[in-house]
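Notes for the structure review
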Amino acid sequence: MQENEQILTNIFDISDKLYREMCSNKENDHATLFSYLTELGRTMTDSDRASFWKWDRRKSQLWTTSATGVDRIVIPDDTGLVGKALKEKRVVVTNDPYNDPNFNSAVDKKTGYVTKSVLVMPVANIYGDFIGAFQIINKNGDGGFDEVEDVRKLSLAALICGIALESETFLEDSHHDKLTKQKNRMGFYSDFARKYSKLIEAGRPVSMYISDIDKFKRVNDTYGHNAGDVVLATVADVMSKACTENDCVYRWGGEEFIMIMTDTTLEQCIEKAENIRRTVQATPCDAEGTVINVTMSFGCRIFDKEMSIEDNISVADGYLYIAKEAGRNRVIHEGNASIEAASKDNAK
């Protein structure tokens, strides 16, 4: 009886901390919620570890948004016990994991952790579509997991996780452009408020370019809007592949794209833009058998913390305008903007 009272006290403590955290003025996100809920699930089932897995169908991957005691893990969605639970749409329990062909022992071999029992509970959205899984590892004691009793204890935390994950998915979708798969303008402003503005205020270099597909209207007029969509997707893919962990591409609107580069100097930004410019120029766009070649123009800028987001972008956009007026297919920045502008005037 005393043990049950202690478990209830722990559950109430976690719930109280979660409630206070979500009602605070801190900038919380879904990761905070998942972290508390996995801890809640671990406590309710009296287990050693817990993790919540998100199913990214677009990338055919499963990855942990929260894991107790381990780093973030990404695996193919057709592997492991989590993959099995989602594929078969049922709870999976094993109390002898090393003899289970679906158990992935790679993490244990790397960390030295010994897994004795695993319970995986698929999590669905309100439409009944599975979108993730709740995983509990190593039931305390010698009995292992009970598929009926432990699932009953875990169900509330799993249900809330499903609702939170669905909310996160809706938010994530609203921040992405469906055609190019890159973040959109809403995603840009969200990232700027949460991440980039803090880096700029701290004095760390944040650079950007704004770019435009040259004569894109002619592509649509000549080949049709479906071909134009192929060009947009191809160009976005080139930019995405050029990104490091410090970079992010945003579809600013129409045929315009912005890339933000953190801890990156203006010179490094210019080099990145030049490499992308050359790659785009050398990459044919295959629109149902019709090969279309395009070029791009770029305006590069290092963020000035004394200026607003809009004013910083306006400066880079001014460089882009010069690039377009000076003949397109080039990268313009503060160092060469006046030279290009003078060359344009002389040509007139």
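See the structure above.
Figured I'd write up the structure that's included with this text. (Residues numbered from 1 in each chain as written. Predicted model: local features only at pLDDT ≥ 70, side-chain atom pairs only at ≥ 80, totals over all residues. Heavy atoms only, no water.)

1. Here we look at the overall build of the protein chain
Looking only at helices and strands, the protein chain has eleven helices and 13 strands in total. Taking all 348 residues of the protein chain together, the buried fraction comes to 47%. For the protein chain, long-range pairs separated by at least 24 residues make up 59% of all intrachain contacts whose partners lie at least 6 apart in sequence. Per element, the accessible surface of the protein chain, about 18,500 Å² overall, is 49% carbon and sulfur. (Helix = DSSP H or I, 4+ residues; strand = E, 2+ residues; numbered from the N terminus. Buried < 20%, exposed > 50% of the residue type's maximum accessible area, 1.4 Å probe, protein only. Contact = heavy atoms within 4.5 Å. Areas by Shrake-Rupley, 256 points an atom, 1.4 Å probe, with all protein chains shown as cover.)

2. Some points on a nonpolar patch on the surface
Where nonpolar side chains cluster on the molecular surface, the patch consists of Leu156, Leu159, Ile160 and Ile163 and spans about 370 Å² of accessible area. Structurally, Leu159 is set in helix α5 (residues 149-174). (Patch = residues over 30% accessible without salt bridge, like charges linked within 9 Å, V, L, I, M, F, W, Y side chains within 5 Å. Salt bridge = Lys/Arg side-chain N within 4 Å of Asp/Glu carboxyl O.)

3. Let's talk about the pattern of salt bridges
The tally for this structure, following the rule as stated, stands at 16 salt bridges. One salt bridge in this structure joins Arg49 and Asp48, with 3.8 Å as the shortest N-O distance.

4. So, the nonpolar core
Counting 29 residues, the largest nonpolar core has Tyr209, Ile213, Val231, Val235, Met239, Phe257 and Val294 as the members making the most contacts within it. Mapped onto this core, the elements with two or more residues apiece are β7 (206-213), α7 (216-223), α8 (225-242), β9 (256-262), α9 (266-282), β10 (285-287) and β12 (296-302). Counting residues per element, this core draws most heavily on α8, at seven residues. Ignoring anything within four residues of it in the chain, the contact list for Val294 reads Ile213, Val219, Val231, Val235, Val280, Gln281 and Cys285. (Core = buried A, V, L, I, M, F, W, Y, C linked by side-chain atoms within 4.5 Å.)

5. Structural notes on empty space enclosed by the protein
Scanning the entire structure with this criterion turns up one cavity of 30 Å³ or more. Its boundaries defined by the atoms lining it, the largest cavity holds a volume of some 30 Å³. Every residue along the wall of the largest cavity is listed here: Leu266, Cys300, Arg301, Ile302, Tyr319 and Glu334. Partitioned by chemical class, the residues of the lining of the largest cavity number four nonpolar, no polar and two charged. (1 Å grid on protein atoms, 1.4 Å probe; cavity = no way out; pocket = protein on both sides within 12 Å on 5 of 7 lines; lining within 4 Å. Points joined across faces, edges and corners; volume = space filled by probe spheres on them. Nonpolar A, V, L, I, M, F, W, Y, C, P; charged D, E, K, R; others polar.)

6. A look at the packing of aromatic side chains
Think of a pair of aromatic rings as described by two things: how far the centres are apart, and how the planes are tilted against each other in angle. Under the definition given, this model contains ten aromatic pairs. Look at Phe188 and Tyr250: their rings are 5.3 Å apart centre to centre, the planes differ by 90°, and that puts the pair in the edge-to-face class. Highlighted residues: Phe188 in helix α6 (residues 185-201) and Tyr250 in strand β8 (residues 247-253), separated in sequence by 62 residues. Taking 5.1 Å as the distance between ring centres and 80° as the angle between the ring planes, the aromatic pair formed by Phe188 and Trp252 counts as edge-to-face. (Phe/Tyr/Trp six-rings, centres within 6.5 Å; stacked < 30°, edge-to-face > 60°.)

7. Here's the deal with the side chain of Asn138
Along the chain, the position of Asn138 falls in strand β6 (residues 130-139). The class for Asn138 is buried, based on a relative accessible area of 9%. If near-sequence neighbours (up to four positions away) are discounted, Asn138 is found in contact with Ser47, Asp48, Tyr113, Val114, Thr115, Lys116, Ser117 and Phe145.

8. Quick notes on the pairing of strand β5 (residues 118-124)
A regular strand places its side chains on the two faces of the sheet in alternate fashion. β5 sits mainly inside the fold: six of its seven residues count as buried. Where strand β4 (residues 92-94) meets β5, three bridges bridge the pair, whose relative direction is antiparallel. Within β5, the position partnered with Val93 by the bridge is Leu119. Pairing of β5 with β6 involves seven bridges; the strand directions are antiparallel. Pairing of Val120 across the sheet is with Gln135, part of β6. Hairpin connection of β5 to β6: five residues between the antiparallel strands, including Gly128 at a positive phi of 85°. (Pairing = 2+ DSSP bridges.)

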